[in-house]
Amino acid sequence: MFSYNNKFYKPDSILKKLLKIDWLLLFLVLIVCIIGIGALYSAGDGSLNPWAINHIYKIILGFLIIFILSQFNINFIMNFSVVLYVFCILCLIYVIYFGVGDVKRWINLKYFFFQPSELAKISIILLLAKFFTYYPNNSKNFLYNIFAIFLVLTPGFLVVNQPDLGTGSMLILLGFAIIFVNGLSWNIIFSIVLVSLISLPIIWQNLLEYQKYRILVFLNPELDTLGKGYQIIQSKIAIGSGGMFGKGFLTGSQSRLDFLPEKHTDFVFTLISEEMGFVGSMLVLILYFVINLILIKEFLKEENVTNKILIFGVSFLIFLYIFFNIGMVTGLIPVVGAPLPFISNGGTSLITIFIGLGIIQSIRVSRNV
Amino acid sequence: MKNLNLKKNIERRFFLLSALKGISFGVLSWRLFDLQVIENKKYDKLSKNNQFNFSLVVPERGEIYDRKGRVLAANRDAFSLYVKSSQNLNLKKILDKLLLITNLNEEDVKNFENRFKNLKKNNINVFITDNLSQRDISKIAVRLHEFPEINFLMTKKRVYPQGTITSHLIGYTGKLTEQDLKKNKNLINFSNLRIGKYGLEKFFDNMLRGEFGRRREEVNARGKIITSNLYEKPNPGKNLTLSIDLNIQSYSLTRLQNLNLKKSKFSEPETGSVVVMDVNTGELICCVSSPNFNPNVFTRGIKSKEWKSLINNKKAPLLNRAVSGLYPPGSTIKMAVALAALENGIIGYDTKFFCNGVKEYGDMKFHCWHKHGHGNINLSQAIERSCDVFFYELGLKVGIEKIGLMLKKLGLDANINLELNELRKGLVPSKKWKLDVKGTRWTPGETINASIGQGYMLSNPIELATMVSRIANSEFLVEPTLLSGKTKKFAKLDINKNHLNYIKSAMSNVVNSEMGTAYKSRLKIKNFKMAGKTGTVQVVRISEDEREKGIIKNKDREWKKRDHALFVGYAPLEKPKYSICVIVEHGGSGSTIAAPIAKDIMEKLLV
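Residues numbered from 1 in each chain as written. Chains lettered and ligands numbered in written order. Predicted model: local features only at pLDDT ≥ 70, side-chain atom pairs only at ≥ 80, totals over all residues.

(A) Here's a closer look at the overall build of chain B. Tallying secondary structure elements over chain B gives 23 helices and 19 strands in all. Whereas a compact globule of 607 residues would reach a radius of gyration of roughly 25 Å, chain B reaches 35 Å, over 25% beyond that. Projected onto its principal axes, the C-alpha positions of chain B cover 150 × 60 × 50 Å. Residues counted as buried form 41% of the 607 residues belonging to chain B. Put simply, 73% of the contacts in chain B that link residues at least 6 apart link residues at least 24 apart. (Helix = DSSP H or I, 4+ residues; strand = E, 2+ residues; numbered from the N terminus. Rg over C-alpha atoms; globule rule 2.2 N^0.38 Å. Buried ≥ 20, exposed ≤ 12 C-beta atoms within 10 Å, placed from the backbone. Contact = placed C-beta atoms within 7 Å.)

(B) Structural detail: the overall build of chain A. Counting its secondary structure elements, chain A contains 15 helices and 2 strands. Overall, chain A is about 60 × 55 × 40 Å in size when its C-alpha atoms are taken along their principal axes. When contacts within chain A are restricted to residue pairs at least 6 apart in sequence, those whose partners lie at least 24 apart make up 71%.

(C) The domain arrangement of chain B, seen in detail. Residue and element names in this part refer to chain B. Taken as a whole, chain B is organised into domain 1 (53-241) and domain 2 (321-606). Measuring from the centre of the C-alpha atoms in domain 1 to the corresponding centre in domain 2 gives 49 Å. Each partner contributes residues to the interface: domain 1 has 7 residues there, and domain 2 has 5 residues. With 4 residues, the single largest contributor to the side of domain 1 that touches domain 2 is helix α8 (residues 199-203). Among the residues forming the side of domain 1 that touches domain 2, the class breakdown is 3 nonpolar, 2 polar and 2 charged. (Domains from an automatic or database assignment. Nonpolar A, V, L, I, M, F, W, Y, C, P; charged D, E, K, R; others polar.)

(D) Spotlight on the nonpolar core. If you look at the biggest cluster of nonpolar residues, it comprises 112 residues, and the most contacted ones within it are B:V275, B:V276, B:I580, B:V582 and B:A594. For this core, the domains that each give at least three residues are domain 1 (53-241) and domain 2 (321-606) of chain B. Residues within four places of B:I580 in sequence aside, it is in contact with B:V276, B:A465, B:V568, B:G569, B:Y570, B:A598, B:I601 and B:M602. The next biggest cluster of nonpolar side chains, apart from the first, holds 103 residues, and it includes A:I65, A:L184, A:F316 and A:L317. (Core = buried A, V, L, I, M, F, W, Y, C linked by C-beta atoms within 7 Å.)

(E) Up close: the confidence of the model for chain A. Looking at chain A as a whole, its pLDDT mean stands at 87, while 92% of the residues score no less than 70. Confidence, read as mean pLDDT per element, is least for helix α10 (residues 209-219) of chain A in chain A (74) and greatest for helix α2 (residues 23-43) of chain A (96). (pLDDT = per-residue confidence, 0-100.)

(F) View of the confidence of the model for chain B. Averaged over chain B, the pLDDT score is 87; the fraction of residues at 70 or greater is 97%. Here the predicted complex carries an ipTM of 0.92, next to a pTM of 0.72.

(G) Quick look at the environment of A:M170. Residue and element names in this part refer to chain A. Residue placement: M170 occurs in helix α8 (residues 165-181). Between the alpha carbons of M170 and K121 there is a distance of 8.5 Å; along the sequence they are 49 residues apart. In this structure, M170 is in contact with L320, F324 and A338, ignoring residues within four places of it in sequence.

(H) Examining the packing of helix α7 (residues 142-160) of chain A against α8(A) more closely. All names here are of chain A. With their axes 8 Å apart at the nearest point, α7 and α8 run at an angle of 170 degrees to one another. In this view, α7 runs roughly antiparallel relative to α8, as classed from their interaxial angle. Every residue of α8 that contacts α7 at N145, A148, I149, V152, L153, P155, G156, V159 and V160 is listed here: L165, T167, G168, L171, I172, G175, F176 and I179. Of the residues that constitute the contact of α7 with α8, the class distribution is 12 nonpolar, 5 polar and no charged. (Axes fitted to C-alpha atoms, helices over the stretch in contact; angles between N-to-C directions. Parallel < 35°, antiparallel > 145°, perpendicular 65-115°, else oblique.)

(I) Seen up close, the sheet that holds strand β8 (residues 213-219) of chain B. Residues and elements named next belong to chain B. Taken in spatial order, the 3 strands make up an open sheet running β1-β8-β9, and their pairing is antiparallel. Looking along the sheet, the strands with just one partner apiece sit at the ends: β1 (52-57) and β9 (225-232). Averaged over all pairs of adjacent strands, the angle between strand axes in this sheet comes to 25 degrees, irrespective of strand direction. Sheet topology places β1 next to β8; 6 bridges connect them, and they run antiparallel. (Pairing = 2+ DSSP bridges.)

(J) A look at the interface of chain A and chain B. Listed as interface residues are 41 residues of chain A and, on the opposing side, 34 residues of chain B. If you list the elements that add at least two residues to the side of chain A that touches chain B, you get α8, α11 (228-242), α12 (253-256), α13 (268-301) and α14 (305-329) of chain A. Here the residues of the side of chain A that touches chain B are counted per class, giving 23 nonpolar, 15 polar and 3 charged.

(K) Representation of unusual backbone geometry in the model. Residues and elements named next belong to chain A. Residue P50 is bonded to the preceding N49 through a cis peptide linkage, with omega at -5 degrees. When you line up the elements, P50 lands in the loop between α2 and α3 (51-70). Phi is positive for D258, which is not a glycine, with a value near 65 degrees. Note on placement: D258 falls in the loop between α12 and α13. By the C-beta count within 10 Å, which is 14 here, D258 ends up partly exposed.

(L) Focus on the environment of A:L357. Residues and elements named next belong to chain A. The residue L357 is located in helix α15 (residues 347-368) in this model. Of the residues examined, L357 has 28 C-beta atoms within 10 Å and is grouped as buried. Apart from residues no more than four positions distant in its own chain, L357 is found in contact with V29, I66 and V314.

(M) A look at the pairing of strand β11 (residues 272-278) of chain B. Residues and elements named next belong to chain B. Of all 7 residues making up β11, 7 are buried, and the element is well covered by its neighbours. Bridge count between β11 and strand β12 (residues 284-290): 6 bridges; the pairing is antiparallel. Among the inter-strand pairings, G272 is bridged to a residue of β12, identified as S290. By the bridge criterion, 7 bridges tie β11 to strand β19 (residues 578-584) in an arrangement that is antiparallel. Pairing of V274 across the sheet is with V582, part of β19.

(N) Quick peek at helix α2 (residues 40-51) of chain B. Residues and elements named next belong to chain B. With 12 residues, α2 ought to run about 16 Å at 1.5 Å a step, and its terminal C-alpha atoms sit 16 Å apart, in line with that. All buried positions along α2 are accounted for by N40, Y43, S47 and N50. Down the axis of α2, the buried side of the element spans an arc of 85 degrees, and every buried residue falls inside it. What points out from α2, more than 90 degrees from its buried face, is the exposed set K41 and N49. (Expected span 1.5 Å × (residues − 1). Arc of directions from axis to C-beta.)

(O) Focus on the packing of α2(A) against α13(A). Residue and element names in this part refer to chain A. At a closest axis distance of 10 Å, the pairing of α2 and α13 adopts a crossing angle of 165 degrees. Relative to α13, the element α2 lies roughly antiparallel. Remark: the crossing between α2 and α13 carries left-handed chirality. Here α2 contributes L24, L25, L28, V29, I31, V32, I35, A39, S42 and A43 to the contact with α13, which in turn contributes V268, L271, I272, E275, V284, L287, V290, I291 and I294. Across the contact of α2 with α13, the residue classes break down as 17 nonpolar, 1 polar and 1 charged. (Left-handed = near helix turned anticlockwise from the far one by under 90°.)

(P) Focus on the sheet that holds strand β18 (residues 564-571) of chain B. Residues and elements named next belong to chain B. The sheet built from 5 strands is open, its strands ordered β12-β11-β19-β18-β17 with antiparallel pairing. Each edge of the sheet is formed by a strand with only one pairing partner; in this case those strands are β12 and β17 (531-537). Across the sheet, the mean angle separating the axes of adjacent strands is 5 degrees when strand polarity is ignored. The sheet contact formed by β18 and β19 spans 7 bridges and is antiparallel. Looking across to β19, one finds that F567 is bridged to V582. Where helix α23 (residues 590-606) meets the sheet, it contacts β11, β17, β18 and β19, and its direction lies at approximately 30 degrees from that of β18.

(Q) Layout of the environment of B:S138. All names here are of chain B. Relative to the helices and strands, S138 is located in helix α5 (residues 134-142). Using a count of 11 C-beta atoms within 10 Å as the deciding quantity, one classes S138 as exposed. C-alpha separation for the pair S138 and N496, spaced 358 residues apart in sequence, amounts to 70 Å.

(R) How the structure looks around the pairing of β9(B). Residue and element names in this part refer to chain B. Counting buried positions along β9 gives 0 out of 8 residues, so the element sits mostly on the surface. With 6 bridges joining them, β8 and β9 adopt antiparallel strand pairing. Across the sheet, R214 pairs through a bridge with E232, a residue of β9. A loop of 5 residues connects β8 with β9, the two strands running antiparallel in sequence, and G223 in this loop sits at a positive phi of about 85 degrees.

Put into structure tokens, the structure is as follows:
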């Protein structure tokens, strides 16, 4: 089972490996991507420019990443986990001083903007999987878990401090979920919950004004109908007014008349809901659900603990994106800023998810070859 | 083995989190169902609120014509000035600049500022004024690039081409006020709406105003208008055709104001009223009140100075004397007293009373206008010569109650459904009225006064014209109306025809017999004769002392103390067509002042 013979690249097996890829999963992902292209076409007022065409390029790049990663044995990829993690931490420190954007999240790479916080999500999955495999059977050990938590919180706080509450909390949740799945003892869980409950007021005080404000406005959007609450209110209006079958492709008044903020990125689901109605939004949700089921199946098929953790990590990451995004636009959770997988026109996050899927395909191919 | 354990543990935890994922998907689905299906209507409405701005489209107000289709009230194109509201608008700067080049009405500016303060949305055209002269408009138009916030809109402006001639009748429109909104819940609060404030404009306001249309504008989040179309067409107001004949109206007015048409134009016009009515249909041919006002000043927005001068004028030019001027009717009601007596069988056609110039009752003296008395005369002669003593005796015999009943039957102090809110009922006193209102018992002396239309008795010109019309047509209880072609069935008059004919011939004698009080005012045209009755109403009591010293001539008295001159009549004699009532306030005697006016108007009507 632990076979290292495929460690190196062998050209004659490319096709063989490609055939081992989970094509059903890729097909479903492609459908969601096409829905995304349609939504962005509508967001551009019935034009491929500027978002839809850009999205197409990124999707092609994404699928290429899956194909390339599937060619590598997972153990080979895992060799880079520590390096990648350290690289991410360094990048996160780098953006503090040299980052671009009003909140300094991005590194300008001349041709595109690179967001290290997104890559950190992948790296935390890889690193934790590696860490837990190096020290198996220590899941009840307190110090061992504390160290794992430290590994999560380091990039987590760096991101929250950017400030990017959405990505940061997603990163931390992802890390904790992996630690939890690895078998963190309930005693430690309860004590952590207790500590965090006590420290909640202190965290609250250390949040930036705009972050506090977002949470307050989330609790009562009417507080500020023209400011932050405006986004939630308009988003809910757009979704609610879509009704059962929607206003029709390209005819959503909320999006067309620019009442929707960021309709091409974080609020793109709102546009789909408005134009395609409950039927359309449920179709997207069901597609995501099925993708998740496929990943669960993949998890159950896998025997190797490290790979199990990797599959879980990626699937949970995708789930977090979906839940954060749809929960946010429907007003269930605060406006934290999270893209919708395969649909939002976001750069690094889209690639991050494709890398995640690529890793799973690598596991699948490695297992079957 | 340990590895297997680890795997099992991981799978247990994995299922736990997978269950959590499943629940999360369930929650998200439910949330979408809730928003999109259950609460759809609410959000759909909010979305439409976002998408559309509805603005009202004012309907064109109905026009008013005289019976021959001549325009009395119409709409003319006008420009309205609007300011487009936005967040960082320096209102003061714009207004100051505007005031520099135009004469904006102070009140308009004040109202505009209020409207601006109460704005809830941005990017709305806020109305400033529609009172700009052509010159002001072109001044602004030339400098429009300096005022990017300012818009012109075509609107309609109410005009009254006949000006003062029909002022009281047509009335005027004014800006909608808070009070109007409180009074009438059906009114739509629309800043630029004008509603009828007086006269027919007020009475028929709903009909004339029409129904609002709606314009729908699609706006984006920044307030930019994407599309704009008429969503609901406005329903223009209905036109009104009046029974008034503009020629007669205008002639009557000048005749009344200048008395003999030769009077200098610069002297103050006479006060009073002329009403001409069709005796068969009740249509009012003219309905004049003097002095009058120019209703067009209300359209351009009356200045408070002008308004004050109208309100404080002692002659009350805003009062429509034809319908709300109450005067003692004087001798003009003698026909009614006579009819009351005949109908109740109290006297016959030949019953005579002796007039020696004064009637003594108890220790009171009641004088006849003829100092030396009329001698032994019958009813017809008493009417013809307007003998007061005869009617004192008659009144005492008939009694105030029966006189009152007859007067009310003929239209005095009756509920007349005229199309004017300004109508004020006259007063026919009765014993009950005296007790209720004055708190004292009715005295025979008051009956004596009432029988020649003095004392408490009051009436307006419309009522007097109605009275004559009913006597003249002898068939129906005609009611006055200002609308033409309104066919209405009237109730039967129910008075003995013989009595009526007797009275009518007496009225004819007033004008056509040499002894009649209005003989000088008989018609000078072929084939037509007029019947009528004069009235001279004392405004102040003449004491016995004054009488002995000799009564001061009317002309020499202070204006306020002079007699009112009255004349009521109808023509032609055989087939009555028109009735007339002329009242000249403090004009002097009915026979010399009021009757000639009636004569001239009748001639004009019949030729």
